[in-house]
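The residues making up each chain are set out below.
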Amino acid sequence: MATRTLDTGGDFGLLSAAELQARLRKLGEERYHHQHPFHLMMHEGQLSRGQLQAWALNRYYYQSRIPIKDAIILSRCEDAAFRRVWRKRIVDHDGDTIQPGGIERWIRLAEATGLEREQVTGCVGVLPATRYAVNAYLELVRDRSFLEAVASSLTELFSRDLIALRMDRLRQHYPWLSGALDYFTARLDQAPEDARFALQFVTEHATSRDAQELAIAALRSKCDILWAQLDALYFAYVRPGWPPPGAFCIEVPSGD
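Attention in this report is confined to the structure presented alongside it. Keep in mind it's a predicted model, so treat the numbers as computed, not measured.

Thoughts on the packing of aromatic side chains
In total, this model carries 15 aromatic pairs according to the counting rule given. Ring centres of Trp55 and Trp106 lie 5.3 Å apart, and the angle between their planes is 70 degrees; this geometry places the pair in the edge-to-face category. Here the residue Trp55 occupies a position in helix 3 (residues 49-75), and Trp106 occupies one in helix 5 (residues 102-112), the gap between them amounting to 51 residues. Across the pair, Trp106 and Trp55 agree in class, each one buried. Taken together, Phe82, Trp86, Phe146, Phe197 and Phe201 form an aromatic cluster joined through their ring pairs. Cation over ring: Arg49 sits above Trp176, and NZ or CZ is 3.8 Å from the ring centre. The ring of Trp86 is capped by Arg89, whose NZ or CZ atom sits 3.6 Å from the centre of that ring.

Description of the nonpolar core
Formed by 82 residues in total, the largest nonpolar core has its most connected members in Trp55, Leu154 and Phe184. With 14 residues, the single largest contributor to this core is helix 11 (residues 209-237). In contact with Trp55, not counting residues within four places along its chain, are Phe38, His39, Met42, Trp106, Leu109, Arg166, Phe184 and Leu233.

A look at the layout of surface pockets
Here the largest pocket is characterised by a volume of approximately 230 Å³. Lining the largest pocket, in full, are Arg25, Gly28, Glu29, Tyr32, His34, Leu157, Phe158, Arg160, Asp161, Leu162 and Leu165. Counting residues per element, the ones that place at least two in the lining of the largest pocket are helix 1 (17-31) and helix 9 (156-173). With six residues, helix 9 is the largest single contributor of residues to the lining of the largest pocket. Among the residues forming the lining of the largest pocket, the class breakdown is five nonpolar, two polar and four charged. Its volume calculated, the second largest pocket comes out at about 160 Å³. Considering every element that reaches the lining of the second largest pocket, the biggest residue donor is helix 3, with three residues. Considered class by class, the residues forming the lining of the second largest pocket number four nonpolar, three polar and two charged.

What counts and how
- Residues numbered from 1 in each chain as written.
- Predicted model: local features only at pLDDT ≥ 70, side-chain atom pairs only at ≥ 80, totals over all residues.
- Heavy atoms only, no water.
- Phe/Tyr/Trp six-rings, centres within 6.5 Å; stacked < 30°, edge-to-face > 60°.
- Helix = DSSP H or I, 4+ residues; strand = E, 2+ residues; numbered from the N terminus.
- Buried < 20%, exposed > 50% of the residue type's maximum accessible area, 1.4 Å probe, protein only.
- Lys NZ or Arg CZ within 6 Å of the ring centre and 35° of its normal.
- Core = buried A, V, L, I, M, F, W, Y, C linked by side-chain atoms within 4.5 Å.
- Contact = heavy atoms within 4.5 Å.
- 1 Å grid on protein atoms, 1.4 Å probe; cavity = no way out; pocket = protein on both sides within 12 Å on 5 of 7 lines; lining within 4 Å.
- Points joined across faces, edges and corners; volume = space filled by probe spheres on them.
- Nonpolar A, V, L, I, M, F, W, Y, C, P; charged D, E, K, R; others polar.

Next comes the structure, spelled out in structure tokens:
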């Protein structure tokens, strides 16, 4: 596969490690999905139970593909030292014979919203746009350079603050979910650890300005993928509230 390059608009020099990391973090501040209107509604207690169900169901599709994404990255790597570190991500999500992983914890969260396990694990009613966005992430890590695949995971740099806020607001506004937040508890430690390793890898292996710009663009693409998933939820279940045929439908309480 041919190496992709970006037109950086002139003869720019290599960014220092600090400059590259600052560019990556600034991108997260501007484009990470913590500022999406759907998340803002969630954190302000403005979502109905049905809207939370739609979120949990559609987010499950993303969660279920994360270990597949990481397996693709592993399959492309010939460095055993890298693989030893990265394979932990798969166990974190899939679990092992000793303890459940993040996917099982997410299913329990979805069940706490009132969804049936079989509906969640079967992805029954997941929005078509959710599938397209998540599958685009798998295509990114499969088809772009290895550096870009790793760089796309750097949204974890920004996730811990969002997770901590979400846990606090879910307990505050949706107390009936308080006993099902184990997924987020685990990610408070897992995400920063994973992000540190990926950031170090990207910083050390982006050895040209073109490579640095490709890494930044990969992170931008991942932010767009996360944002697009919430766009789909907002359109289908908030405003204008038009779920497509076959998608999950919120039950409207019947009158007397």
